[in-house]
Every structure is written in structure tokens, then in C-alpha cells.
Amino acid sequence: MKKRELTFRPELDSIIRKCQFCNMAMVDKAGKPYVLPMNFGYEEDCIYFHSAPTGRKAEILKNNPNVCVSFSADHQLRWVNEEVACSWGMKYRSVLAYGKVEFIDDFDEKEKALKIIMKNYSDIDFSFNAPAVKEVLVFRLKIEKLDGRALGY
């Protein structure tokens, strides 16, 4: 199967929009990698996230906001010869998004970000109570660079 780079922005956007979760990679103070699956929202060159206000992820991101976020879609197991292990492979399309995380503190901006996240999972126009918005950590990745790959497509 042939691997190819993806550069056409609408194709990259369509891969991101197909995904129900992504994986966020970050680096802690000791220089150790830390990767987590995350729910997200996507709008206007920004990826939105939420989490508990404390914990390892929050601590790492506050210390080092540089992240890489991985999206992967259209997986299909393929083989040339079912009895030859080295002929097996996975068709896929993927995107890596790079940038720095920015924390959102303004109540109205946090609520807007939470709505963007929920749009990825439902058509319902959600409302949020004030304590829920105040107590959640909301942050966004302003995309600085996107890399895309496809294998078998």
C-alpha cells in the first residue's frame, strides 16, 4: 500500500471531523512524554478541550503548553496474501495538529467552547449551569501546523 502526504485543508478537516476522540501528546517537567485520549471540539483553526482543573494533565499543560494532537480515521485491515503476515497492513487517514494550549478563563468564552465540544457529539444546543462552567478547566489549541498522511487511500 502506498503512503501519501495530505495537504489539502478540506481533506484534513474532514478527517478531524470524523473522529470522536483524539490523542493529545505533551511533555512533563522531567522531559517524559504523556499521551491521553481526549474528547474535543473543532472550529476555526482551534481544537477545544475540557478537563478537571487539577491533576497531571493540567499541571503538565500549565508548565509546558506545547502539544501534538493525533487524529486517525477510515481504518481498514487489508492484506495481499492472508497467509503471509508481512503482507498485512492497515489503511488509514490521519492528521497531526501542533501548537500551544491556551487556557480559557472568561465565563462566556468557556461556555462557547463547551458548546463547540458538544457539537462534535450531538445536535442538541446545550446550556450549562454556572457552577459547572466555573469549575471545569477549558483550553484550546490554536493550530500552528497540520500534517496529514494516508495509507491505502
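Summarised in this report is the structure supplied together with it. Only a predicted model underlies this, so the values are computations on that prediction, with no experimental measurement involved.

Looking at the element boundaries, F40 is found in the loop between β3 (33-38) and β4 (41-43). Through-space distance from the C-alpha of F40 to that of K145 is 18 Å; in sequence the pair is 105 residues apart. Apart from residues lying up to four places away in sequence, F40 is in contact with I16, C19, Q20, F21, C22, I47, Y48, F49, F71, I117, N120 and Y121.

Before going further, it helps to spend a moment on helix α3 (residues 107-119). For α3, built from 13 residues, the straight-helix expectation of 18 Å at 1.5 Å per residue is met to within 8% by its first-to-last C-alpha distance of 19 Å. Structurally, α3 contributes buried residues whose contacts are with β4, β5 (46-51), β7 (88-104), α4 (130-135) and β8 (137-151).

A few words now on the environment of K134. Structurally, the position occupied by K134 is in helix α4. Among the residues examined, K134 registers a relative accessible area of 59% and is labelled exposed. Sequence separation between K134 and M38 is 96 residues; the distance between their C-alpha atoms is 20 Å. With residues near it in sequence (within four places) discarded, K134 still touches F107 and K110.

Another aspect to go through is the side chain of S122. If you trace the backbone, S122 turns up in the loop between α3 and α4. You can call S122 buried: its relative accessible area is 19%. Within the local environment of S122, its side chain forms a polar contact with the backbone nitrogen of I124, the two atoms lying 3.0 Å apart.

With respect to the helices and strands, N129 occurs in the loop between α3 and α4. Within the structure, N129 has its side chain in polar contact with the backbone nitrogen of A132 (distance 2.8 Å).

Criteria and cut-off values
- Residues numbered from 1 in each chain as written.
- Predicted model: local features only at pLDDT ≥ 70, side-chain atom pairs only at ≥ 80, totals over all residues.
- Heavy atoms only, no water.
- Helix = DSSP H or I, 4+ residues; strand = E, 2+ residues; numbered from the N terminus.
- Contact = heavy atoms within 4.5 Å.
- Expected span 1.5 Å × (residues − 1).
- Buried < 20%, exposed > 50% of the residue type's maximum accessible area, 1.4 Å probe, protein only.
- Polar contact = N/O pair within 3.5 Å; in protein donor to acceptor, adjacent residues only side chain to side chain.

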